[in-house]
Amino acid sequence: MSNAKLKIAQKLKLKKFRSEFKLFVAEGLRLCEMVNPALVEFGFFTTGFLKGERQFELIRRLKNFAQMYEIPMATFEKISDTETPQGVMLIVRQKLSTLEELLTKKIIVALDAVRDAGNLGTILRTAEAFDCGVAVLEDSADVFNSKVVRASMGAVFSLPILKFSRVEFLEAMKSAGVEILAAALDSSAEIYFNHKFAGKSALVFGNEVAGVSAEILYAAEKIYIPMSGRAESLNVAQAAAIIIAEATRQNFFLDRN
């Protein structure tokens with residue numbers, strides 16, 4: 001095996017190389033089982049990883065699609081991005097959806113400068129659970145960051161995801177007749193459960209500190225989550241889950257009626 005492949009895996013820890021190579025890393029047994037084998041460029045595993053039928057079957061299946069390299073654990077630890085590596089890693093080709101695919105979903109979750117990888121990954125997991133599409137706007141964390149991939153629990157592999165600038169997002173949603181709703185603490189905002197979620201909706205969640213950008217707020221209707229406790233605000237991933245669940249609930253009953 002050429003050291004070049006190990007160097008690629010090491011470089012993919014940085015966003016600039018993920019963008020350049022159009023590749024990303026999936027690591028760990030469960031995540032690697034969820035990857036579409038046809039998208040695997042190559043992979044690594046350790047001898048110690050082959051300790052059970054499930055692990056052996058994964059490597060056997062992947063070898064039908066890509067070269068899988070057996071390496072020592074000491075080498076694996078150098079390219080791993082986890083504290084306790086399980087001994088399997090795939091280098092996966094990035095795949096984003098088309099606008100047409102995104103617009104097949106009734107609810108589109110838009111992330112406006114959501115920069116924390118854990119938050120972004122958790123929101124992706126929620127979006128998959130409620131059958132949403134995802135629009136990732138500029139200044140957000142990279143959806144192919146290994147921490148995002150892990151926090152999404154594999155949702156990044158199956159969700160319709162598309163990247164936009166803010167201008168592109170607004171133009172695309174307006175052209176398609178999608179209602180744009182921004183989560184915001186604003187005196188003009190409507191309580192989220194009082195809003196009638198009818199038709200297609202784009203739910204925008206903003207930066208952990210600054211919230212939704214002024215550009216998006218200007219073009220959107222605003223909704224908020226009322227709170228009766230002492231907390232000043234909710235984590236963006238928590239807020240997203242609450243509002244996505246309500247929009248889905250309303251759509252479910254509309255569909256049934």
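Before any of the text, the structure's been laid out above.
Residues numbered from 1 in each chain as written. Predicted model: local features only at pLDDT ≥ 70, side-chain atom pairs only at ≥ 80, totals over all residues. Heavy atoms only, no water.

Q: In this structure, what is going on with the sheet that holds strand E5 (residues 107-112)? I would like to understand it.
A: Pairing between the strands of a sheet comes from backbone hydrogen bonds, and it takes one of two forms, parallel or antiparallel. Strand order across the open sheet formed by 7 strands is E7-E6-E5-E10-E8-E11-E9, with parallel pairing between neighbours. Each having just a single partner strand, strand E7 (161-164) and strand E9 (190-191) make up the two edges of the open sheet. Taken together, the 4 bridges between E5 and strand E6 (residues 133-137) define a ladder with parallel strand orientation. By the bridge assignment for E6, Ala110 is matched with Ala135. (Pairing = 2+ DSSP bridges. Helix = DSSP H or I, 4+ residues; strand = E, 2+ residues; numbered from the N terminus.)

Q: What is the right way to read the side chain of Thr126 from this model?
A: Following the sequence through the fold, Thr126 ends up in helix H7 (residues 117-129). In this structure Thr126 touches Ala241 and Ile244, once residues within four positions along its chain are discounted. (Contact = heavy atoms within 4.5 Å.)

Q: Teacher, can you tell me more about the pattern of salt bridges here?
A: This model, assessed by the stated rule, comprises 10 salt bridges. In this structure, the salt-bridge partner of Arg166 is Asp112, at a minimum N-O distance of 2.7 Å. Of this pair, Arg166 sits in helix H9 (residues 166-175) while Asp112 sits in strand E5, and the two are 54 residues apart along the sequence. Take Arg166 and Asp112: they sit in the same class, and that class is buried. Among the salt bridges present, the one from Arg249 reaches Glu246, with a minimum N-O distance of 2.8 Å. (Salt bridge = Lys/Arg side-chain N within 4 Å of Asp/Glu carboxyl O. Buried < 20%, exposed > 50% of the residue type's maximum accessible area, 1.4 Å probe, protein only.)

Q: Before we go on, may I ask you to explain H7 in this structure?
A: Along an α-helix, a turn takes 3.6 residues, which lines up residues three or four apart on a common side. The end-to-end C-alpha distance of H7, which contains 13 residues, comes to 18 Å, matching closely the 18 Å that a straight helix rising 1.5 Å per residue would cover. Considered for burial, the residues of H7 that qualify are Ala117, Asn119, Leu120, Gly121, Ile123, Leu124, Thr126 and Ala127. The opening residue of H7 is Asp116, an N-cap whose side-chain oxygen sits 3.0 Å from the backbone nitrogen of Gly118. Following H7 by one or two positions, Asp131 adopts a phi angle in the positive range, close to 60 degrees. (Expected span 1.5 Å × (residues − 1). Polar contact = N/O pair within 3.5 Å; in protein donor to acceptor, adjacent residues only side chain to side chain.)

Q: Just to check I follow, could you spell out the packing of aromatic side chains for this structure?
A: Here the distance between the centres and the angle between the planes together describe a pair of aromatic rings. Applying the stated rule across the entire model yields 7 aromatic pairs. Seen from their ring centres, Phe164 and Phe169 are 6.0 Å apart, and the 75 degrees between their planes marks the pair as edge-to-face. Relative accessible area serves as the criterion here: at 9%, Phe164 is assigned to the buried category. Measuring from centroid to centroid gives 5.2 Å for Tyr192 and Phe193, while their planes differ by 70 degrees, and the two rings are edge-to-face. Assessed through its relative accessible area of 40%, Phe193 is described here as partly exposed. Among the aromatic residues, ring-to-ring pairing joins Phe24, Phe144 and Phe157 into one connected group. Above the face of the Phe42 ring, Lys5 is positioned so that its terminal group lies 5.6 Å from the ring centre. (Phe/Tyr/Trp six-rings, centres within 6.5 Å; stacked < 30°, edge-to-face > 60°. Lys NZ or Arg CZ within 6 Å of the ring centre and 35° of its normal.)

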